[in-house]
Amino acid sequence: KNADVFFYMSSDWDDLYANNSEWLDEFKSVKTQQVYDYQMSGPNAWFEQRLAEYDVVLQDFCTVANQTTNIFQHQRKWFRNILKGEQIGSEAKCSNVTAPLQTDATACFLADTTSSSGETFRRTPTPTPAPLALAPAPVAGTTTKTTASGAPNNKGMQVATIIVLGLIGIFVY
């Protein structure tokens with residue numbers, strides 16, 4: 001009820017809301033218009049294409065959850081904001097089935113910064129398409145503070161773990 005974002009993993013939000021608006025209107029995510037479904041690329045694309053573009057699904061998830069940098073703006077492909085009037089998308093047509101997949105993921109890059117106290121923060125690049133790793137490892141777009149020996153201090157992994165666990169739930173559905 002108090003979640004910032006609501007991922008509604010079905011295609012019948014209008015019917016659900018029409019029949020249950022009294023209690024749905026109490027949800028924080030409904031009040032702030034942060035309700036998303038999976039139909040931004042069309043009604044069937046989620047079931048037919050998302051597994052090949054897991055990197056784009058992850059970037060969409062991070063964009064919706066506001067866990068991104070503003071270096072490159074990622075344009076969502078999968079998650080549609082239902083309450084802000086985003087329309088169901090049209091499905092892409094494949095013109096050459098033998099052509100290699102062209103990902104819609106935003107490219108990542110390495111950017112090091114140093115704080116005023118001399119501590120080095122590293123952004124860890126991830127190849128595009130990004131591999132989905134379940135083991136603790138630096139994640140693109142997260143910063144890790146290095147120790148005196150230069151080893152990373154992985155305090156930022158909690159957000160990455162939550163995102164990965166959320167995506168596992170999305171893929172299992």
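A brief look at the structure comes next. Predicted model, so just to flag it, every value in this text is computed and none were measured.

1. Structural notes on the overall build of the chain
Then step 1. Summing up its helical and strand segments, the chain has five helices and seven strands in all.
Then step 2. Each helix and strand of the chain, ordered N terminal to C terminal, gives the series β-α-α-β-α-α-β-β-β-β-β-α.
Then step 3. The buried share of the chain, reckoned over its 173 residues, is 29%.
Then step 4. A separation threshold of at least 6 residues defines the contact pool for the chain, and within that pool the share at least 24 residues apart is 63%.
Then step 5. Here the chain displays about 10800 Å² of accessible surface, and carbon together with sulfur accounts for 54% of that area.

2. A short note on the pattern of salt bridges
Then step 1. Within this structure, the stated rule accounts for five salt bridges.
Then step 2. In this structure, the salt-bridge partner of Arg80 is Asp37, at a minimum N-O distance of 2.5 Å. Within this pair, whereas Arg80 is found in strand 3 (residues 80-81), its partner Asp37 is found in strand 2 (residues 35-37), the two being separated by 43 residues in sequence.
Then step 3. For Arg76, the salt bridge goes to Glu86, with nearest N and O atoms at 2.8 Å. Of the two residues, Arg76 is situated in the loop between helix 4 (54-64) and strand 3 and Glu86 in the loop between strand 3 and strand 4 (111-114); the sequence distance between them amounts to ten residues.
Then step 4. Here Arg76 falls in the partly exposed class, since its relative accessible area comes to 22%.

3. What to know about the nonpolar core
Then step 1. Membership of the largest hydrophobic core is limited to twelve residues, which are Met9, Tyr36, Tyr38, Ala45, Trp46, Val56, Val57, Phe61, Val64, Trp78, Phe79 and Ala105.
Then step 2. In contact with Ala45, other than residues within four places in its own chain, are Arg50, Trp78 and Glu91.
Then step 3. Counting residues in each nonpolar core, the second largest holds eight residues, with Tyr8, Trp13, Leu24 and Ile82 among its members.

4. Focus: the sheet that holds strand 1 (residues 6-7)
The strands that make up a sheet pair up through hydrogen bonds in the backbone, lying either parallel or antiparallel.
Then step 1. Taken in spatial order, the three strands of this open sheet run 1-2-3, and their pairing is mixed. Pairing within the sheet leaves two strands with one partner each, and these edge strands are strand 1 and strand 3.
Then step 2. Pairing between strand 2 and strand 3: two bridges, direction antiparallel. In the strand pairing of strand 3, Asp37 is matched with Arg80.

5. Details of unusual backbone geometry
Then step 1. With phi around 55 degrees, Gln33 is a residue other than glycine that occupies positive phi space.
Then step 2. By secondary structure assignment, the location of Gln33 is in the loop between helix 2 (28-31) and strand 2.

6. Considering helix 4
Residue pairs spaced three or four apart in an α-helix point in one direction, given the helix's 3.6 residues per turn.
Then step 1. Within helix 4, eight of the eleven residues are buried, leaving the element largely enclosed by the surrounding structure.
Then step 2. Within helix 4, burial applies to Asp55, Val56, Val57, Gln59, Asp60, Phe61, Cys62 and Val64.
Then step 3. With its phi angle positive at about 60 degrees, Asn66 sits one or two positions after the end of helix 4.

Here is what the cut-offs are and how they apply
- Residues numbered from 1 in each chain as written.
- Predicted model: local features only at pLDDT ≥ 70, side-chain atom pairs only at ≥ 80, totals over all residues.
- Heavy atoms only, no water.
- Helix = DSSP H or I, 4+ residues; strand = E, 2+ residues; numbered from the N terminus.
- Buried < 20%, exposed > 50% of the residue type's maximum accessible area, 1.4 Å probe, protein only.
- Contact = heavy atoms within 4.5 Å.
- Areas by Shrake-Rupley, 256 points an atom, 1.4 Å probe, with all protein chains shown as cover.
- Salt bridge = Lys/Arg side-chain N within 4 Å of Asp/Glu carboxyl O.
- Core = buried A, V, L, I, M, F, W, Y, C linked by side-chain atoms within 4.5 Å.
- Pairing = 2+ DSSP bridges.

By themselves these figures say nothing about function.
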